[in-house]
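# Close look at the chain arrangement
Each chain, letter by letter, is given below.
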Amino acid sequence: MSEGPVLSFTLNGRVFSAADGTVPSPAMRLLDLIRLHAGQTGTKEGCGEGECGACAVLVDGELANSCLVPVGQLHGCTVTSIEGLPRNDPLVAAFARAGAAQCGICTPGMVMAARALLDRDPHPTLEAVREALAGNLCRCTGYVRIHAAVLDAAAGEGTAGGGAS
Amino acid sequence: MSVQASAAGEWHRPGSLAEALDIRARAKDAVVPAAGCTDLMVGWNAGAGRWPTVLDLSALPELNRIDVDDAGVTIGAAVSCSRLANHPAVAGRLPMLVASARQTGSVAIQNRATLGGNIMNASPAADNPPVLLAYGARLTLASTRGSRSIDYADFHLDYKRTRAEPDELLVSVTVPFPSPYASVHYRKVGTRRAQAISKVALSVLLDAGAGVVREARFAFASMGPVPLLAGSLSAALRGRPLAGIDPALVTRALATDLSPRDDIRSTADYRRQVAVNLVMAAIADASAAEARRN
């Protein structure tokens, strides 16, 4: 380590870097940094091998499974996990309205996958929603209510804060 | 950057190809070249945090380019499947590559997984290799000794064994544009539509002027130890009218070309039958396209 590590990125607006020790190692899962070091436990670990999407976050606005991202690749990146979404994100209320959560393990990943979709396609078709969420597995409610929630949020985008009953 | 990682080997993340090749030349197989990490990290995670020394290729500008000329597209080895599928030249002229890139796991996987990784990982079930074989792609490999270009059809030697030398890195993949008269077909058969590893996948490039097969390339995944071209089938079909190709002829040719196995995902018998069905469906499609043109 002749030159010293140059590794710095932001997670939900907070800077993490190798220089100040907040990134203990480049060979570490982003998932572990988020949960164990940042203490933000909204991001869940399901399978730990990229099959289930429970640990999905945004890296520079693109969906990624944080269990498969080594933090060593994140220099200069902006990472957003579920805690980084605004509380009044229309998806949150829409998921509540639709009854799109049961046990809740898949929900943060579902919401992040839906956020990635709506940021690039604000008015998706049901088919586009199904495709965007195909890598996020839910074993409780099934997918109908989840897909409905995303379409509902898309329809209400711009009228954030719709009441969750 | 090169830092000592705790509970793991070193993490090298060079910023130029020259620097990466130097590290590769010195360390050879003592470093694991990595880009999207979507497959490698599954193994590292299973090893309870015991990570190898990694040569991280994700920051190399030379591996992150997509260049287009009249003849085709040259895709950097570290370009992600998402970026590939959304590139205008790929979307416009290489539809099978769009299809295979969009079948490479979920969106979250496609955003990180790279074309080069899908090749160098050398899985017979990988999604993009059959398409690259059907289009007649070439690979550019580099080392401190220089760079060389080889036909992708010659690259895979045996299960997880390739012609890449221990001091080499894959730099790019060049995919020629097909003739405007060629018809193309890509079909992956898995357990479910999304995010399944293939039982069989077929990519076809079929050039049939005036209803007669001039050139046909059929490339399969999960039908042998490597992604492979069905050479006997190509030879058997050359010069034949598209209409009226006998499935028995296809079955016989594929018996020579393919060596599927029983495994956790499917059986050899099922795979052979599906392979014939997929070929016949591709021929029917090409025949219909040809009829529309006339």
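Residues numbered from 1 in each chain as written. Chains lettered and ligands numbered in written order. Predicted model: local features only at pLDDT ≥ 70, side-chain atom pairs only at ≥ 80, totals over all residues.

### Observations regarding the overall build of chain B
The helix and strand inventory of chain B stands at eleven helices and 15 strands. Expected size for 294 residues packed as a compact globule is a radius of gyration near 19 Å; at 20 Å, chain B falls within 12% of this value. Its C-alpha atoms give chain B principal-axis dimensions of roughly 65 × 45 × 35 Å. Across the 294 residues of chain B, 51% fall into the buried class. Of all intrachain contacts in chain B linking residues separated by at least 6 positions in sequence, the fraction that spans at least 24 positions is 62%. (Helix = DSSP H or I, 4+ residues; strand = E, 2+ residues; numbered from the N terminus. Rg over C-alpha atoms; globule rule 2.2 N^0.38 Å. Buried ≥ 20, exposed ≤ 12 C-beta atoms within 10 Å, placed from the backbone. Contact = placed C-beta atoms within 7 Å.)

### Quick look at the interface of chain B and chain A
By a widely used convention, the size of an interface equals the accessible area lost when the partners come together. Listed as interface residues are 27 residues of chain B and, on the opposing side, 29 residues of chain A. Sorting the residues of the side of chain B that touches chain A by element identifies strand S1 (2-4), helix H2 (40-46), strand S4 (54-56) and helix H6 (107-110) of chain B as the ones contributing at least two each. Residue composition of the side of chain B that touches chain A, by class: 14 nonpolar, ten polar and three charged. (Nonpolar A, V, L, I, M, F, W, Y, C, P; charged D, E, K, R; others polar.)

### With respect to unusual backbone geometry
All names here are of chain B. Residue Cys37 is not a glycine yet carries a positive backbone phi of 65 degrees. By the element assignment, Cys37 lies in the loop between strand S3 (32-34) and H2. Classification of Cys37 as buried rests on a count of 24 C-beta atoms within 10 Å. With a phi close to 50 degrees, Ala210 is a non-glycine residue in the positive phi region. When the 10 C-beta atoms within 10 Å are taken as the criterion, Ala210 is described as exposed.

### Some points on the domain arrangement of chain B
Residue and element names in this part refer to chain B. You can read the domains of chain B as domain 1 (2-56), domain 2 (61-176) and domain 3 (182-293). Placing a centre on the C-alpha atoms of domain 2 and another on those of domain 3 gives a separation of 21 Å. Residue assignment for the side of domain 2 that touches domain 3 shows that the elements contributing at least two residues are helix H5 (95-101), helix H8 (129-135) and strand S9 (156-158). Considering each element in turn, the side of domain 2 that touches domain 3 owes the most residues, six residues, to H8. Split into classes, the residues belonging to the side of domain 2 that touches domain 3 amount to 14 nonpolar, five polar and two charged. (Domains from an automatic or database assignment.)

### Examining the nonpolar core
Within the largest apolar cluster, 147 residues are counted, with the highest numbers of intra-cluster contacts made by Ala113 of chain A together with Leu202, Phe220, Ala275 and Val279 of chain B. When sequence neighbours within four positions are dropped, the list of residues in contact with Ala275 of chain B reads Val200, Leu202, Phe220, Met223, Leu254 and Leu258 of chain B. (Core = buried A, V, L, I, M, F, W, Y, C linked by C-beta atoms within 7 Å.)

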